[in-house]
Amino acid sequence: DKLAAVTLSWGGPGTFPTRYEAGVQQLEATFGVSVVEMAHTRGDPGWIASHPEGRAKDLMAAFADPTINGIVTTIGGDDSIRLLPHLDLDLIRSHPKVFVGYSDTTIIHMALLRAGLVSFYGPSIMSGFAENGGMHAYTEEGVRVSLFEPRAWTVWPENDDGWTVEHLDWADSANQDRVRELQPSTGWRWWGKDTVRGPLVAGCLEVLDWLRGTEWWPDLGGAVLALETSEDAPPPPVVAGFLRSLAAMGDLSRVAAVLFGRPGGTSLPVADHKRYDDAITSVIRGEAGLTSMPIVTGMDFGHTDPMWTLAQGMPVEVDVEVRSVRFAEPSVAEHTSHPGQPDPN
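Computed from a predicted structure; not experimentally measured.

**Details of the pairing of strand S11 (residues 295-299)**
- Counting buried positions along S11 yields five of five residues, so the element is predominantly enclosed.
- As defined by bridge partners, strand S10 (residues 257-261) adjoins S11 across three bridges and the pair is classed as parallel. What sits directly across from Gly261, in S11, is Met299.
- Taking the sense of rotation as the criterion, the β-α-β connection linking S10, helix H10 (residues 273-287) and S11 turns out right-handed.

**A short note on helix H6 (residues 106-115)**
- Buried residues dominate H6, accounting for eight of its 10 residues.
- All of the buried residues in H6 are Thr106, Ile107, Ile108, His109, Met110, Ala111, Leu112 and Ala115.
- After H6 finishes, the residue Gly116 shows a positive phi value of roughly 95°.

**Quick notes on the pattern of salt bridges**
- In this structure the tally under the stated criterion is 20 salt bridges.
- In this structure, the salt-bridge partner of Glu140 is Arg144, at a minimum N-O distance of 3.0 Å. Separated by four residues within a single helix, Glu140 and Arg144 lie in helix H7 (residues 137-148), roughly one turn from each other.
- Judged by its relative accessible area of 24%, Arg144 falls in the partly exposed class.
- Among the salt bridges present, the one from Arg254 reaches Asp219, with a minimum N-O distance of 3.0 Å.

Analysis parameters
- Residues numbered from 1 in each chain as written.
- Predicted model: local features only at pLDDT ≥ 70, side-chain atom pairs only at ≥ 80, totals over all residues.
- Heavy atoms only, no water.
- Buried < 20%, exposed > 50% of the residue type's maximum accessible area, 1.4 Å probe, protein only.
- Helix = DSSP H or I, 4+ residues; strand = E, 2+ residues; numbered from the N terminus.
- Pairing = 2+ DSSP bridges.
- Right-handed = clockwise from strand over helix to strand, strands pointing away.
- Salt bridge = Lys/Arg side-chain N within 4 Å of Asp/Glu carboxyl O.

Take a look at the structure:
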């Protein structure tokens, strides 16, 4: 299959081409795909920053091209929200295909959700696929079972191999072969009583918050809401404030479950992770009184590595009693048509 590399926010490939090329090589070698670039994938970072319409044009071209089977973002950033006026949801809806990315790409995931598409909250080319010294086995498995070996009732497993937020300078090409130091996995933490099932809505908390009050805000009725925080490490009161806003909007009581990723940020002490748990449970269980709602924290997705790949919009079952999170349906349909030909299904 042919995958398009798109730069939708920060001009990372033009800033650190060696890192980008390592990600392309590892993506192709690991999964047997070929990566093609759009007009501005490696664009000058200054031009990229000044032309959201050009970035959106690349994305629309990738969706419209019948020879392209999927789309992978090169990296995140902080202004994908500027692409929204330039997106054609009708074009996207009529040309559905795999889309993968995370962080600032939360914005585009919400647009695709509005268009009725399943998308995948997972690694980008420069962060995840370009992992130093080769992809983490857990990240590879998450991509493989979500995109290449779809089946019903896929279990989202805990990562026992350790995790990292260590920063190695991408400007130093010698770092590409240096494996980042892992910290011990401490396991997921569980609260609640109910077993629930609902469509997954996943994203970076700070980025998702930018959409509140807009037409791009997702429908959270019955949703399993998966939130994670970026490398900026917003403190626990910010997380609590976000949940309080959901409560004031009437959305928190409509959510089926809340899943929370291990907090990101290289300067955040591991001991502080419990403060996030306290902030989340104090709002949901204490202030909102939702004592039966399943809450799972310390999960393996988002801004710590390795990361699992999450099928946005697909039904997920959260069972607190057996401590299980499962995807109830295959996340990718099996197709028999060739690129550019009608799908007989």
